[in-house]
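Single-letter residue listing:
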Amino acid sequence: MAQARISAKASEGAQQQPQQQQQQQQSGGQLRGRFYRSTSMADRSSRLLENLDQLELRVEAFRDAASAMEQEKEILLEMIHNIQNSQDMRHISEGEREELNLTANRLMGRTLTVEVSVETIRNAQQQESLLHATKMIDEIVNKLLDDLEDAKMRLMSLYGACTSDVPAGPIDQKFQSVVIGCAIEDQKKIKRRLETLLRNLENSEKSITLLEHQKSSVRQSCNSKQD
């Protein structure tokens, strides 16, 4: 009796073994299938990420090129304006000056037809810092005619706060802390604006000095004739 039961269990175990092997094979196949699908998804994700990385480089290059065009427009307008207000323009005939001014106005008009704008992404703090820095510069510019020399010194102290070079004079520490709070692109624009203002002031001083020299020469000539 006992022998019959042992034989029955042995027979049952022999029948279950192929079934278990078949189930393990099926389970292994499903695992391998999931693994292959996961690898395929990872490959796709990697390719997409690589494409986005390449596009990011192109986007930054595009923004840099647009910023360079913005600067070129500012430089062109400044150069045309300087020619129109140069001392050389005052020492030519009226007809020649009129013709040159017409050409300069035409060039300025064509330059202004080019619209280039690169928007800077700012958070609330950066926006507030930009407004504060702009206000500080505007306050000095509005007082240029009152005291040219003082305005120049104050603008130089602001510029010294924006440059990494060793400044020639004092630095406006308050302005420096404000500029640090601005976005990087805004910091560059603030520095460019101060550079332009200082160049214009220098040109104005040269014009004034030259004009005073010419007046002095005329007075000396008149005195010599009277003697």
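These figures come from a predicted structure and were not determined experimentally.

1. Details of the UniProt feature "coiled-coil region" (unreviewed entry) in the chain
Phase 1: Residues annotated by UniProt as "coiled-coil region" (unreviewed entry) correspond here to residues 45–72 and 184–214.
Phase 2: For residues 45–72, the end-to-end C-alpha separation is 40 Å, with 100% helix and 0% strand making up the annotated structure.

2. A short note on the pattern of salt bridges
Opposite charge on two side chains makes pairing possible when the charged atoms of those side chains draw close.
Phase 1: Under the defined criterion, the tally for this structure stands at six salt bridges.
Phase 2: Here Glu185 ties to Arg63 by a salt bridge, and the two come within 2.9 Å at their closest N and O atoms. Of this pair, Glu185 sits in helix α7 (residues 184–226) while Arg63 sits in helix α1 (residues 2–84), and the two are 122 residues apart along the sequence.
Phase 3: Under the relative-accessibility criterion, Glu185 is labelled partly exposed at 28%.
Phase 4: Glu74 is the salt-bridge partner of Arg192, the closest N and O atoms lying 3.9 Å from each other. With Arg192 in helix α7 and Glu74 in helix α1, this residue pair connects regions lying 118 residues apart in the sequence.
Phase 5: According to the relative accessible area criterion, Arg192 is buried, its value standing at 18%.

3. Thoughts on the environment of Ile171
Phase 1: Counting through the fold element by element, Ile171 comes out in the loop between α5 (148–160) and α6 (173–180).
Phase 2: In this structure, the C-alpha to C-alpha distance between Ile171 and Arg154, residues 17 residues apart in sequence, is 9.1 Å.
Phase 3: Ignoring anything within four residues of it in the chain, the contact list for Ile171 reads Ser157, Gly160, Ala161 and Gln176.

4. Topic: the environment of Ile190
Phase 1: Positionally, Ile190 belongs in helix α7.
Phase 2: Judged by its relative accessible area of 6%, Ile190 falls in the buried class.
Phase 3: It is 9.0 Å that separates the C-alpha atoms of Ile190 and Ile137, two residues lying 53 residues apart in sequence.
Phase 4: The residues contacting Ile190, other than those within four sequence positions of it, are Leu130, Ala133, Ile137, Cys162, Phe175 and Cys182.

Criteria and thresholds
- Residue numbering note: each chain is counted from 1, following its sequence as written.
- The predicted nature of this model means local features are confined to residues of pLDDT at least 70 and side-chain atom pairs, given and counted, to a pLDDT of 80 or more, with totals for whole chains, interfaces and linings taken over all residues.
- The basis for the side-chain values is all heavy atoms of the structure; hydrogens and waters are excluded.
- UniProt positions are given in the numbering used here, feature names are shortened, and annotations may be inferred rather than shown by experiment.
- Only DSSP runs of H or I reaching four residues or more are called helices, and only runs of E reaching two or more are called strands; each is numbered from the N terminus.
- A side-chain nitrogen of Lys or Arg and a carboxyl oxygen of Asp or Glu constitute a salt bridge if their distance falls within 4 Å.
- Buried residues are those whose accessible area, probed at 1.4 Å on protein chains only, stays under 20% of the maximum for their type, while exposed residues exceed 50% and partly exposed ones sit between those limits.
- Contacts are assigned to residue pairs that have any heavy atoms within 4.5 Å of one another.

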